[in-house]
Amino acid sequence: MRRSFSTVRLTAAALPLALAVAFSGPAARASTKTSVPPLMHMKVDTSNLANLRTGALYVLHRCAACHSIQGTRFSSIAKQLGITNSEMQKYLNESGRLVHDTVVTAMPKGIMKQFVSITPPDLTVMAEAQSPDWLYTYLKSFYLDPTRPTGVNNVLFHNVAMPDVLANLQGLQSPVIKEGWLYGQPAKVAMGVKQLTKGTMTPAQFDQTAQDIVDFLYVVAHPHAKERAALGPWIMGLFGLLTIFSFLLYKVYWRRVDTSHERWWNHR
Ligand code: HEC
């Protein structure tokens, strides 16, 4: 009894501490508060194979120059895009790697670290780590910033080390500066972008391309989403069936057991 009482007291003492730890995260982050604009919204659509193939083309030809996507293989991507392995090798895989290899960037590890002092992160679960809306906004929000080594900065990702790798398609953008917060200090921050020069694509075409890229990254991050959705009703049906059978079995077991003397009202 005494022990259980002290356990209760200990728990009661630990609870505020646990709560303090749990809520200290946002509080600590608040001191590095940086203003970011609201995300642009896109609807993830993974059913259009033509769009997914376009996305795959850009990701494998451009993004994979720096980023690895080691959680997937060229052959798995081919399957998701509905193309054969030889088509994958012919049109999409320019890395010289075999079709069953994982998607590893050709960029030697140390090089990006040397140039921009960070190794580009793996993109396999990027659509999960960041939301699709975040990725979409990120890809559209690079702007010219002569103070940065790459010449560009990003509205969503302050002082980003990634160059604007889609600039030739989108054109260059200048920032829309507003009063806001930068790492906890009031400051002028870029809260949006303005088109400065024309790219090879119209804005609508570029939006579509950015969506295709995000859709493809979403498929890479959720490789079994389709099977999962198709399997769900069957699994629920199976559980339903099991419930019926186990109820019938319960009835059979207890049919011949006389429990009348065990009723609580017989013990009074
Ligand atoms: C020239 C090399 C290079 C290319 C090409 C490149 N990136 Fe990056 N990327 C980087 C670097 C470096 C970072 C790290 C930025 C940082 O942490 O400051 C990065 C960061 C990112 C991030 C942010 C991850 C995070 O930390 O939240 C995303 C998303 C991303 N890249 C997507 C892409 C996509 C999509 C493409 C293709 C359209 C692409 N990248 C092409 C170098 C590159």
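Relevant structure appears above.
Residues numbered from 1 in each chain as written. Predicted model: local features only at pLDDT ≥ 70, side-chain atom pairs only at ≥ 80, totals over all residues.

S.K.: Talk me through the site of the ligand; I want residue IDs and the actual numbers.
M.R.: Cys63, Cys66, Pro120, Ala161 and Met162 are the nearest of the 23 residues found near the ligand. Mapped by element, the contributors of at least two residues to the shell around the ligand are α2 (49-61), α5 (109-116) and α7 (132-140). (Near = placed C-beta within 6 Å. Helix = DSSP H or I, 4+ residues; strand = E, 2+ residues; numbered from the N terminus.)

S.K.: Describe the nonpolar core, with residues and values.
M.R.: Ranked by internal contacts, the top residues of the largest apolar core, which has 31 residues, are Ala56, Val59, Leu135, Val214, Phe216 and Leu217. Elements supplying a minimum of two residues to this core: α2, α3 (74-81), α4 (85-92), α6 (126-129), α7 and α9 (203-221). For this core, the element with the highest residue contribution is α9, accounting for nine residues. With near-sequence residues (within four places) excluded, Leu135 lies in contact with Met126, Ala127, Gln130, Val214 and Leu217. Core analysis: the second largest hydrophobic core is formed by five residues, Phe142, Tyr143, Val155 and Val193 among them. (Core = buried A, V, L, I, M, F, W, Y, C linked by C-beta atoms within 7 Å. Buried ≥ 20, exposed ≤ 12 C-beta atoms within 10 Å, placed from the backbone. Contact = placed C-beta atoms within 7 Å.)

S.K.: Give a description of the pairing of strand β5 (residues 173-182) that names residues and reports values.
M.R.: As paired strands, β5 and strand β6 (residues 185-195) are joined by ten bridges and run antiparallel to one another. Of the residues in β6, the one forming a bridge with Val176 is Gly192. The antiparallel pairing of β5 with β6 creates a hairpin that spans two residues between the two strands, and Tyr183 there sits at a positive phi of about 50 degrees. (Pairing = 2+ DSSP bridges.)

S.K.: Hey, could you go over the environment of Pro175 for me, with residue numbers and the actual values?
M.R.: With respect to the helices and strands, the residue Pro175 is situated in strand β5. The exposure class of Pro175 is buried, given the 21 C-beta atoms found within 10 Å. Ignoring anything within four residues of it in the chain, the contact list for Pro175 reads Tyr143, Ala190 and Val193.

S.K.: Can you explain helix α10 (residues 225-255)? Please cite residues and give values.
M.R.: Taking 1.5 Å per residue, 31 residues should reach 45 Å; α10 reaches 45 Å between its end C-alpha atoms and fits that length. Where α10 bends most, at Leu231, the angle is about 35 degrees, and the proline Pro233 comes one to four residues later. Sparse coverage of α10 is indicated by the burial of zero of its 31 residues. (Expected span 1.5 Å × (residues − 1). Bend = angle between axes of the 7 residues up to and from the residue.)

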